[in-house]
Amino acid sequence: MYLYFDDAEGNVFRPPSEAYSFILRVTIGCSHNACTYCNMYRSVKFRTRPMDEIIAQINAAKPYAQHIRRIFLADGNALVLATDKLLQILTVLQQTFPRLQRVSCYAGPKDMLNKTPGELIALREAGLKLVYYGLESGDETVLREVNKGVSAAEAIEAGRRIVAAGIKLSVMVIAGLGGREGSNRHAYNTAQAVNAIRPNMLSALTLMLYRGSQLLDQFERGEFVPLSPAEIMGELYELVSAIELPEASHCLFRSNHISNHIALAATLPKDKDRLLEDIKAAQRQLANVTDWDPYNNVE
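The rules behind the values
Residues numbered from 1 in each chain as written. Predicted model: local features only at pLDDT ≥ 70, side-chain atom pairs only at ≥ 80, totals over all residues. Heavy atoms only, no water. Helix = DSSP H or I, 4+ residues; strand = E, 2+ residues; numbered from the N terminus. Buried < 20%, exposed > 50% of the residue type's maximum accessible area, 1.4 Å probe, protein only. Lys, Arg positive; Asp, Glu negative; His and termini not counted. Salt bridge = Lys/Arg side-chain N within 4 Å of Asp/Glu carboxyl O. Contact = heavy atoms within 4.5 Å. Axes fitted to C-alpha atoms, helices over the stretch in contact; angles between N-to-C directions. Parallel < 35°, antiparallel > 145°, perpendicular 65-115°, else oblique. Left-handed = near helix turned anticlockwise from the far one by under 90°. Nonpolar A, V, L, I, M, F, W, Y, C, P; charged D, E, K, R; others polar. Pairing = 2+ DSSP bridges. Expected span 1.5 Å × (residues − 1).

Draft legend 1. Fine view of the side chain of D111. Of note, D111 is situated in helix α3 (residues 109-114). For the buried D111, no salt bridge is present, and the opposite-charge side chain at shortest range is K115, 7.4 Å distant. If we ignore the near neighbours within four places in the chain, the residues touching D111 are S31, N77, L79 and V80.

Below is the structure:
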């Protein structure tokens, strides 16, 4: 179980792979907080945290210093902080936790683009080893419709900057985000974005309709038609089929999020053929689900 020493407002979210990390909240909420599919930070007003609040969390974790090897900087986009402040935080973490191996964070595309290449390299050298990036889609129309706040070209450039700085990049995409009408475009253009970015990790989540999100309202007005579980697998098959990474690449693919109908795992490009077979098998299995109701995926 992850370590958490904070009583600030709002809920805490972390990637599945940070299950045993010390969660250090350096911001509250998300500075963008306008994506139509997301309700994670709707209940809190975004703010950056002063150093005294951050130091208080670090001091609370000190008794566990010998056990802390990974630290995740929350909330939604820690890279919104000024580079000097992030470097100060990373320095304190290195001094406090002698067995620390990795610091990671979520990052939004605008914040990644606002960092210069030199700033990103400095952050990597100070201990920021992994960034989780919600690309969600590589399709221009889908990004605009879900109000991601960047163009497809900008979304790709943001990811490429992290990779170029030598920071490991975990990209998240959302199967079904384009709805039935935009499914083919979403799959193909998202694959092209992955090809251009060449992330270290790729996670495929499945669209869920969250209460309080604009996308749920659009669905209930008949303006958005979600994909069935079998259709999600069909879209995922098209996405993976169009991913063409260099033979020397080693991209870990996962679909083990709570939103996913079936968990899948592979290393791309090595396991691509086997992964496509697994997706097809999952599609056949889910085609037998005849009582599917979109509200089963409402959270």
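Draft legend 2. Layout of the packing of helix α7 (residues 183-197) against helix α9 (residues 229-241). One can describe the packing of α7 onto α9 by two numbers: an axis separation of 8 Å at closest approach and a directional angle of 30°. In terms of orientation, α7 lies roughly parallel with respect to α9. The handedness of the crossing between α7 and α9 comes out as right-handed. Every residue of α9 that contacts α7 at S183, H186, A187, T190 and A191 is listed here: E235, E238 and L239. In terms of residue class, the contact of α7 with α9 is made up of three nonpolar, three polar and two charged.

Draft legend 3. Layout of the sheet that holds strand β10 (residues 251-254). Here we have nine strands laid out as an open sheet, ordered β1-β2-β5-β6-β7-β8-β9-β10-β11, and mixed in their pairing. Of all strands in the sheet, those with a lone pairing partner are β1 (3-4) and β11 (265-268), marking the two edges. When strand β2 (residues 22-25) meets strand β5 (residues 70-74), the two strands line up parallel, connected through four bridges. Across the sheet, the residue bridging to I23 is F72, located in β5.

Draft legend 4. Summary view of the packing of helix α1 (residues 51-61) against helix α2 (residues 83-96). Between α1 and α2, the shortest axis-to-axis distance is 11 Å and the interhelical angle comes to 20°. Of the possible angle classes, the one that applies to α1 and α2 is roughly parallel. In the crossing of α1 with α2, the sense of the turn from one axis to the other is right-handed. Where α1 abuts α2, its residues M51, I54, I55 and I58 lie against K85, Q88, I89, V92, L93 and T96. Looking at the contact of α1 with α2 residue by residue, the class counts come to seven nonpolar, two polar and one charged.

Draft legend 5. Geometry of α9. With 13 residues, α9 should reach 18 Å at 1.5 Å per residue; the first-to-last C-alpha distance of 18 Å fits that figure. The set of residues buried in α9 consists of P229, A230, I232, M233, G234, E235, L236, L239 and V240. In this structure, the buried side of α9 is in contact with β8 (168-175), α7, β9 (201-206), β10 and α10 (272-286).

Draft legend 6. Just the pattern of salt bridges, in detail. Considering all chains together, one arrives at 16 salt bridges under this definition. E9 is the salt-bridge partner of R47, the closest N and O atoms lying 2.8 Å from each other. Remark: E9 occurs in the loop between β1 and β2 and R47 occurs in strand β4 (residues 47-48); sequence separation between them is 38 residues. Using a relative accessible area of 36% as the deciding quantity, one classes E9 as partly exposed. The residue K270 makes a salt bridge to D271 at a minimum N-O spacing of 3.0 Å.

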